[in-house]
Every structure is written in C-alpha cells, then in structure tokens.
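Close look at the chain arrangement
Chain by chain, the residues:
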Amino acid sequence: MRILLLGGTGEARKLAHTLAVERGLEIVSSLAGRVSDPVRPGGTVRVGGFGGVEGLRNWLVGNGIELIVDATHPFAATMTAHAAQAGAELGLPMVRLNRPGWVPGPGDHWLRVPDLAAAARVSAATGDRILLTIGRQGVGAFAGYTRPWYLIRAIDPPEAALPPRHEILLARGPFTVESENALLARHRIEVLVTKDSGGAATAAKLVAARDTGIPVVMVDRPPVPPGLVEVTSVGAVREWVTGYAALHRDQNSERG
Ligand code: NAP
C-alpha cells in the first residue's frame, strides 16, 4: 500500500521511519520546500507544492497513492484543506495528526489572539521589546509598527517587509529553558509572540516567559475542514494506518 505522508514536522520524520521501517509500508514523504536546508525524513522524499487541489489530485492518481497521512504543522491549514478535498474527491482515506495545543499553567500570562494581525496590534500595545517566534512567513504582519523593537527568530531569513526597528536571529530548535531565559534577559524582552504550535520542541520559551514574568501573545490555530479523522500522537497514527493497511490486505486477499 502506497501512502503519501505530508510532512515538514518532527512527527512526520518519526512517522516516515516508523511506518516504513517498522511496519514495512511504502511511504512517500512530501515537503513544501520552504526551508533551505530541511532535516529530511528517511525513505522516498519529494519536495515542492503540488499545484493546488487539482495538481494534488493528479499527483495522487499518477503515483498510485491509496492513503494520505497529513502530518503537517497545525498552522499549515491550506495544505490540510487541499489534501482533505483532493482525498475526498478520489475517495482516499486520510488521517490527520494534530498535536495538542499548549495550555497555560499557574504563573503564565497569555493573551490569546485569533491571527497575526491581532498579535501585531496587541503586542505593540503591551511592550516595546518584542520577541517574534512565529516563523519567517508571518513577520510581514508586524511591518507597519514603527515604535517597538523586534527580535525576529527564524530558521531562514524572512523575505517579507519587516518593521524598521529589528534584529534577526537565525536559529533552529529545539531550545532549552536555560538558553531561552538567557535570550530573554540578554535582549531585555518584554513580550513574547508565538503561535500555538504545541509540542515539546519549542515549548521552552513558554517556561522562560513564565520564569521571567513577561506576557505571551499566543496566536490561535487556524480552523481545519470539518469531518477529518484526527489523532494527536505519532503512535495513534501508526495504529490507525496499520489497522487500515491490514483491512485493505484482507479485503484484497478475499477478492483474489
Ligand atoms: P500552507 O500555508 O498550508 O501551504 C501553502 C502551500 O504550500 C500549499 O498549498 C502547498 O502548495 C504547499 N505545501 C505545504 N505543505 C506542503 C507539503 N508538506 N508538501 C508539499 N507542498 C506543501 O503551508 P505552510 O504553513 O506554508 O507550511 C509549509 C510547510 O512547512 C508544511 O509542510 C508545514 O508542515 C511546515 N511547517 C509550517 C509551519 C507553520 O507555522 N506554518 C511551521 C513548521 C513547519 P500547492 O498548493 O502548490 O500544493
């Protein structure tokens, strides 16, 4: 059974390994090609967009895909919507890995906002020295804010328009609480802006913000199409996919 694994996350890399090596399934991992030097999953990998829903549909048929695993980032809503639509049109099963969002604990001071435009507005009204950890693609939403100073952390340099007062810090997680605390102190950060990505790899900044006593502007996740089969862990995807593959094998042998 040939499976398309939509990736770009640590979980997708783990899944590529576990489904191919442990379960012997045929996996094609797909990366968008946004990061110049991505950590590549093992096995077969393709890179680049498919060309919208129609391009994806053609690619799925042309490559004999029988099942889609969407392990893209929780904020990659367009890819998820395209996969859901193309998969439904072709009658392909699809499972989506949606890692749990972060939850504030005692001592956290979070300001939840619906999108990056609101994050830009709220953070500028909250402090003058702002750490942006939202990836390089969303930084343009902050370009019009001339008063605050921004420390912009991203894996690759942003290409969007930038706010006039800024410094760029190129870095790739995971980060430790100690290094995040040191970063906040060194740059006298007053507000942290982040997206509700969830997961452990980049959660240290939230602990550091709590330790330092600064507010966090937290961008909520975008909506996903209704009716998707969603699970929250790599293990649950593995069980779902192997269960489906076994059913598929039994049905084929009954027919044969
Ligand atoms: P997006 O807005 O949902 O997708 C925009 C377009 O990029 C899609 O329509 C598709 O182009 C292409 N694309 C996205 N993911 C792809 C994949 N895995 N394989 C092939 N094409 C893909 O996505 P995004 O937010 O720009 O994220 C891009 C990638 O970075 C994703 O793989 C995601 O897992 C990863 N990522 C995103 C974030 C984030 O905060 N958004 C954070 C970490 C990692 P076509 O329409 O041409 O097919």
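First, a word on what this report is: a plain description of the structure on this page. Note that the structure is a prediction, hence the values are computed from the model and not measured.

Analysis parameters
- Positions within a chain are numbered from 1, following the residues in the order the chain's sequence is written.
- Per-residue local features are limited, in this predicted model, to residues with pLDDT of at least 70; the limit for side-chain atom pairs, both in listing and counting, is 80 or more; totals at the level of whole chains, interfaces and linings are taken over all residues.
- Hydrogens are left out, water is left out, and the side-chain values use all remaining heavy atoms of the structure.
- A run of H or I in DSSP becomes a helix once it reaches four residues, and a run of E becomes a strand once it reaches two; helices and strands are each numbered from the N terminus.
- A 3.5 Å cut-off defines polar contacts: any pair of N or O atoms within that distance qualifies, except that in protein one atom must be a possible hydrogen donor and the other a possible acceptor, and neighbouring residues in sequence count only when both atoms are side-chain atoms.
- A fitted line through C-alpha atoms represents every axis, and for helices the fit uses only the stretch in contact; the resulting angles, taken between N-to-C directions, go from 0 to 180 degrees.
- Each angle gets one of four labels, with under 35 degrees taken as roughly parallel, over 145 as roughly antiparallel, 65 to 115 as roughly perpendicular, and the rest as oblique.
- Should the near helix be turned anticlockwise from the far one by less than a right angle, the crossing is left-handed, and should it be turned clockwise, the crossing is right-handed.
- Note on contacts: a residue pair qualifies if any of its non-hydrogen atoms lie within 4.5 Å across the two residues.
- Only protein chains enter the calculation, and the probe is 1.4 Å; a residue is then buried if its accessible area is under 20% of its type maximum, exposed if over 50%, and partly exposed in between.
- For the handedness criterion, the strands are oriented away from the viewer, and a crossover whose path from the first strand over the helix to the second runs clockwise is classed as right-handed.
- Strand pairing is defined by DSSP finding a minimum of two bridges between the two strands.
- In this text, near means that some heavy atom of the residue lies within 4 Å of the molecule or strand in question.
- Only the protein chains shown count as cover for residues, and all accessible areas are computed by the Shrake-Rupley method using a 1.4 Å probe.
- Note that Gly is not counted as nonpolar here; it falls among the polar residues with everything else outside the nonpolar set of Ala, Val, Leu, Ile, Met, Phe, Trp, Tyr, Cys and Pro and the charged set of Asp, Glu, Lys and Arg.
- Only one rule defines a salt bridge in this text: a Lys or Arg side-chain nitrogen within 4 Å of an Asp or Glu carboxyl oxygen.

1. Details of the side chain of Arg-136
Position of Arg-136 among the secondary structure elements: in the loop between strand E7 (129-133) and strand E8 (149-154). A distance of 3.4 Å separates the side chain of Arg-136 from the backbone oxygen of Pro-157, its partner in a polar contact. Here the side chain of Arg-136 touches Glu-159 through a polar contact of 3.4 Å, side chain to side chain.

2. Some details on the packing of helix H5 (residues 177-186) against helix H6 (residues 204-212)
Closest axis-to-axis distance for the H5/H6 pair is 8 Å, and the angle between their directions is 55°. Taken together, the axes of H5 and H6 are oblique relative to one another. Once H5 is placed against H6, the crossing between them reads as right-handed. Listed contacts from H6 to Val-177, Glu-180, Asn-181 and Leu-184 of H5 are Ala-204, Lys-205, Val-207, Ala-208, Ala-209, Asp-211 and Thr-212.

3. A few points about the pairing of strand E2 (residues 26-31)
With 5 of 6 residues buried, E2 is to be regarded as a mostly interior element. The parallel pair strand E1 (residues 2-6) and E2, bridged by helix H1 (residues 10-22), forms a crossover whose chirality is right-handed. Pairing between E2 and strand E3 (residues 44-47): 4 bridges, direction parallel. For Val-28, the partnering residue across the bridge sits in E3 and is Thr-44.

4. Section: the site of the ligand
Around the ligand, a shell composed of 22 residues is seen, among which Gly-7, Ser-30, Arg-34, Phe-50 and Lys-195 lie nearest. Within the backbone of Ala-77, a nitrogen or oxygen atom sits 3.4 Å from an oxygen atom of the ligand. Between the ligand and His-82 there is a distance of 3.5 Å, counted from an oxygen atom to a side-chain nitrogen or oxygen. Protein contacts shield 79% of the accessible area of the ligand, which totals 800 Å² for the unbound molecule. Sorting elements by how many residues they give to the shell around the ligand places helix H3 (residues 77-90) first, with 4 residues. Classifying every residue of the shell around the ligand gives 7 nonpolar, 12 polar and 3 charged.

5. A look at the environment of Gly-199
Mapped onto the elements of the fold, Gly-199 is located in the loop between strand E10 (191-195) and H6. It is 9.6 Å that separates the C-alpha atoms of Gly-199 and Gly-10, two residues lying 189 residues apart in sequence. Once residues lying within four places of it in the same chain are set aside, the contact partners of Gly-199 are Arg-99, Pro-100 and Trp-102.

6. What to know about the pattern of salt bridges
Tallied over the entire structure, the rule returns 13 salt bridges. Note that Glu-26 and Arg-2 form a salt bridge whose closest N and O atoms lie 2.7 Å from each other. Separated by 24 residues along the polypeptide, Glu-26 in strand E2 and Arg-2 in strand E1 bring together distant segments of the chain. Ionic pairing is found between Glu-11 and Arg-99, a salt bridge with its closest N-O pair at 2.6 Å. You can see Glu-11 sitting in helix H1 and its partner Arg-99 sitting in the loop between strand E5 (94-97) and strand E6 (110-113), a full 88 residues away along the chain.

7. Overview of the sheet that holds E10
With parallel pairing, the 6 strands of this open sheet are ordered in space as E6-E11-E10-E7-E8-E9. Two strands close off the open sheet at either side, each with one partner strand: E6 and strand E9 (166-170). Mean inter-strand twist for the sheet, computed between neighbouring axes without regard to direction, equals 20°. Relative to E10, E7 runs parallel, the two sharing 4 bridges. In the sheet register, Leu-131 faces E10, and the bridge partner there is Leu-192. On top of the sheet, H6 reaches E6, E7, E8, E10 and strand E11 (216-219); it is set at about 155° to E10, its chief contact.

8. Focus: the side chain of Arg-99
Residue class for Arg-99 comes out buried when judged on its relative accessible area of 14%. For Arg-99, the side chain forms a polar contact with the side chain of Glu-11, separated by 2.6 Å. Within the structure, the side chain of Arg-99 is placed 3.0 Å from the backbone oxygen of Ser-197, a separation counted as a polar contact. Residues within four places of Arg-99 in sequence aside, it is in contact with Thr-9, Glu-11, His-73, Pro-74, Ser-197, Gly-198, Gly-199, Arg-221 and Thr-232.

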